[in-house]
Amino acid sequence: MSKINILNYTKEELGSIIKPSFRAKQLYEWIYKKYVNSFDDMKNIPKDLREILKENYYLCPLKISTIEQSSDGSIKYLFALNDGKTIESVLLPMKKEEVADDGKLIHHTRYTICISSQVGCKIGCSFCLTGKSGFLRNLTSGEITSQVLMIKKDNNIAENRRVNIVFMGMGEPLDNLDNVQKAVKIFSDPFGLSISPRRQTISTSGLSAQIKKLGNMNLGVLLAISLHAVDDKLREQLMPINKAYNIESIIDAVKEFPVDARKRVMFEYLVIKNLNDDIKSAKKLVKLLHGIKAKVNLIFFNPHDGSNYQRPEIKDVLAFQDYLLKHGVLCTIRESKGLDISAACGQLKDRQEKK
Ligand code: SAH
Ligand code: SF4
């Protein structure tokens, strides 16, 4: 019988498999807080139980295949899964450590970790490399959570350091909702990584029916919508999924989505030169978001080999942002982190495979 990835289990599930159930808490602490790599290192677990665990389970579903470090501090990982397929994750230091004049620490470096939810993607957006390479398979919940664990370990990030998670790597998280929802629960366990759902953002290309389902689960996660266009014709061209779920259906689903009083739904808007970078689009976007607690994130399109689209002019992106801000819509511009490595999703994988 082949071994099972122990990271696939919530603490409650482990507690029903391994008796007495308090062992599940101990196991969680060894794995997610003390970062051990083998069952033998779990000192307070009796030897006979360790042997049973060793026979039936394994701890590390990922291997680091390639690491690329960018000059801005972000680090991109290509991980190999047990079946040899590869996925990408990125560590993004968002705010540098701050120390007061008297030497007291104001806050540690704040990290965001961008993770994948599938190998490839079925949605096939025309601007996205992951979409172009097609779909291979869903990631298991353990393969999803392991990306964060591996990156914390590899960078010696202390277990109690706050990290944010964004499901913005490869894949469409809402097309793998069962495993993603389980990963959210595993991430948030106080005996494990202890990452509150309010620090986890699920980004979707807009599967309206699944957005409703996710909302009904009431996990407390944040929602990001990859909108990218304000009229259905252009959106269909960029994202074929818009034929099944048009803009109106997405907006309706977002309006029903439970949002924490202090939080907002993020709308990602990939700015592409001469396609959606004009003020007319900004105007439509303001109208579209009327009545929604929204925040817009403008992303510079990042060109890659074989793409027909172009990076927008900085002045046009700034004018777009300015229009939104003047009309009461919160709007940020995503820093071009990792641009000198292989920024947007799928690009490191693509380069490795061409070597
Ligand atoms: N499938 C989900 C989550 C992963 S995609 C979604 O689409 O929301 C993560 C983000 O990468 C998306 O917002 C997508 O628009 C962005 N992206 C894809 N290709 C890009 C490119 N060439 N340049 C910049 N951003 C890109
Ligand atoms: Fe899939 Fe997101 Fe890429 Fe579209 S942008 S192909 S949904 S990963």
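This is a predicted model, so every value here is computed, not measured.

> Could you clarify how one ought to interpret the pairing of strand S3 (residues 62-69) in this entry?
When a strand is regular, its side chains alternate between the sheet's two faces. Here S3 runs beside strand S4 (residues 75-81); their pairing, made up of seven bridges, is antiparallel. Considered in S4, the bridge of Ile64 is made with Phe79.

> Would you mind going over the nonpolar core with me for this structure?
Soluble globular proteins tend to pack their nonpolar side chains together in the buried interior. By size, the foremost hydrophobic cluster in this structure holds 101 residues, and its most contacted members are Ile6, Phe187, Phe267, Val296 and Leu324. Ignoring sequence-local partners within four residues, the contact set of Leu324 consists of Ala282, Leu285, Val286, Val296, Val329 and Cys331. Core analysis: the next-biggest nonpolar cluster, separate from the first, contains seven residues, Val90, Leu92, Val166 and Ala224 among them.

> Looking at this structure, how should I read the site of ligand 2?
Neighbouring residues of ligand 2: Cys121, Ile123, Gly124, Cys125, Phe127, Cys128, Gly131, Gly171, Glu172 and Ser205. Looking at side-chain class alone, the shell around ligand 2 contains five nonpolar, four polar and one charged residues.

> How do you make sense of the sheet that holds strand S16 (residues 330-333) when you look at a structure like this?
The 10 strands lie next to each other as S3-S4-S5-S8-S11-S12-S13-S14-S15-S16, forming an open sheet whose pairing is mixed. One side of each edge strand has no neighbouring strand; the edge strands of this open sheet are S3 and S16. Across the sheet, the mean angle separating the axes of adjacent strands is 25° when strand polarity is ignored. The strands touched by helix H6 (residues 177-188) are strand S11 (163-167) and strand S12 (200-204); relative to S12, the strand with the most contacts, the crossing angle is about 165°.

> Quick question: what am I supposed to make of the packing of aromatic side chains here?
How two aromatic rings sit relative to each other is set out by the distance from centre to centre and by the angle between their planes. A complete count under the given rule lists six aromatic pairs for this structure. Their ring planes at 80° and their centres at 6.1 Å tell us that Tyr9 and Tyr57 sit as a pair that is edge-to-face. Taken together, the residues span a long stretch of sequence, with Tyr9 in the loop between strand S1 (4-5) and helix H1 (11-17) and Tyr57 in strand S2 (residues 57-58) at a distance of 48 residues. Between the aromatic rings of Phe301 and Tyr309, the centroid separation amounts to 5.9 Å while the plane-to-plane angle is 90°, which identifies the pairing as edge-to-face. Look at Phe301 and you get buried, because its relative accessible area is 1%. Looking at Tyr309, the relative accessible area reads 14%, which means it is buried. Positioned above the aromatic ring of Trp30 is the side chain of Lys34, whose terminal nitrogen or guanidinium carbon lies 4.1 Å from the ring centre.

About the criteria used
- Residues numbered from 1 in each chain as written.
- Chains lettered and ligands numbered in written order.
- Predicted model: local features only at pLDDT ≥ 70, side-chain atom pairs only at ≥ 80, totals over all residues.
- Heavy atoms only, no water.
- Pairing = 2+ DSSP bridges.
- Helix = DSSP H or I, 4+ residues; strand = E, 2+ residues; numbered from the N terminus.
- Core = buried A, V, L, I, M, F, W, Y, C linked by side-chain atoms within 4.5 Å.
- Buried < 20%, exposed > 50% of the residue type's maximum accessible area, 1.4 Å probe, protein only.
- Contact = heavy atoms within 4.5 Å.
- Near = heavy atom within 4 Å.
- Nonpolar A, V, L, I, M, F, W, Y, C, P; charged D, E, K, R; others polar.
- Axes fitted to C-alpha atoms, helices over the stretch in contact; angles between N-to-C directions.
- Phe/Tyr/Trp six-rings, centres within 6.5 Å; stacked < 30°, edge-to-face > 60°.
- Lys NZ or Arg CZ within 6 Å of the ring centre and 35° of its normal.

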